[in-house]
Amino acid sequence: MNAMTAQDRSIQTPRRRATYQDVLDAPPNKVAEVLAGTLYTQPRPAMRHAWASSILGMEVGSPFGRGRGGPGGWWIVFEPELHLGEDILVPDLAGWRRETMPDYPDAAYCSVPPDWACEVLSPSTRRIDRHEKAGIYAREAVQHLWLVDPAAKTLEVLELRDGHWVLLVTLADDAPVSQPPFDAITFPLDALWPEGGG
């Protein structure tokens, strides 16, 4: 007999790959991403998370995005929607050198991989940020990845070398931050913590 159990049938039925339509159909109070064909939805960032990404955006955005107190030459963007191949990601922050993306896109999303991405880790996103998303950034040749952990009060600075992430440094507490690709400036890491120097 060739009878198949329900479990056998579920194993043989391919899972439908998530698409941009799934992102568009996600609840408006969720951040929706498609990673390797799977839809991930997360609640909007909690307040400590939002503070860390907002302050970091100001610290690097003014000197690099606006050229105020720094060299300029970048687009620094808060929560851009990236379409990289079939993957749809929303980093907390991303930056493009003007040489990489001379004209700022007038669109709902960007398909040019950034030169720098930053993920602010939370309990619900830590594994996805460190593994799935970091792997996609590496595949797309994003050169710099920062991982901010508000709970541990740390910043991990990674650089892509030969297609693999190399940890350059882990900074903690109130350490001075002057790291690639933004090593032309220095700011205290504790500016990213609400009870810190910010």
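All values derive from a computational prediction rather than experimental measurement.

A. How the structure looks around the packing of aromatic side chains. Taken as a whole and assessed by the stated rule, the structure comprises seven aromatic pairs. With 5.6 Å between their ring centres and 85 degrees between their planes, W116 and W146 make a pair best called edge-to-face. Of the two residues, W116 is situated in strand β7 (residues 116–120) and W146 in strand β8 (residues 144–149); the sequence distance between them amounts to 30 residues. Classification of W116 by relative accessible area gives buried; the value is 0%. Between W146 and F182, the aromatic rings sit 5.7 Å apart at their centres with planes inclined by 80 degrees, giving edge-to-face as the arrangement. With W146 in strand β8 and F182 in the loop between β11 (176–177) and β12 (187–188), this pair connects stretches of sequence that are 36 residues apart. Classification of F182 as buried rests on a relative accessible area of 1%. Within the aromatic cluster, the residues linked to one another by ring pairs are F64, W74, W116, W146 and F182.

B. Local environment of the pairing of β7. Most of β7 sits out of view: five of its five residues are buried. Every second residue of β7 is oriented toward a common face, with W116, C118 and V120 on one face and A117 and E119 on the other, all of them buried. For strand β6 (residues 93–97) and β7, the ladder comprises three bridges, and the chain directions are antiparallel. Bridge assignment links L93 to a residue of β7, and that residue is C118. Two elements, β7 and β8, share five bridges in a ladder whose sense is parallel. For E119, the partnering residue across the bridge sits in β8 and is L147. Regarding the hand of the β-α-β motif, the stretch spanning β7, helix α4 (residues 126–139) and β8 is right-handed.

C. Here's a closer look at the nonpolar core. Formed by 24 residues in total, the largest nonpolar core has its most connected members in L56, W116, W146, V148 and L192. Elements supplying a minimum of two residues to this core: α3 (47–65), β7, β8 and β9 (154–161). Top contributing element to this core by residue count: α3, with five residues. If you look at the next biggest cluster of nonpolar residues, it comprises 21 residues, including W75, A94, I128 and V142.

D. Just the pattern of salt bridges, in detail. Scanning all chains against the criterion turns up 14 salt bridges. E33 is the partner of K133 in a salt bridge, and the nearest nitrogen-oxygen pair spans 2.7 Å. Note that K133 is positioned in helix α4 and E33 in strand β1 (residues 30–35), a separation of 100 residues in sequence. In this structure E33 comes out as buried when scored by relative accessible area, which is 5%. Across the pair R127 and E132 runs a salt bridge whose closest N-O atoms are separated by 2.6 Å. Using a relative accessible area of 46% as the deciding quantity, one classes R127 as partly exposed. When salt bridges that share partners are traced, they join E33, E119, D129 and K133 into one network.

About the cut-offs
Residues numbered from 1 in each chain as written. Predicted model: local features only at pLDDT ≥ 70, side-chain atom pairs only at ≥ 80, totals over all residues. Heavy atoms only, no water. Phe/Tyr/Trp six-rings, centres within 6.5 Å; stacked < 30°, edge-to-face > 60°. Helix = DSSP H or I, 4+ residues; strand = E, 2+ residues; numbered from the N terminus. Buried < 20%, exposed > 50% of the residue type's maximum accessible area, 1.4 Å probe, protein only. Pairing = 2+ DSSP bridges. Right-handed = clockwise from strand over helix to strand, strands pointing away. Core = buried A, V, L, I, M, F, W, Y, C linked by side-chain atoms within 4.5 Å. Salt bridge = Lys/Arg side-chain N within 4 Å of Asp/Glu carboxyl O.

Keep in mind these values describe shape, not function.
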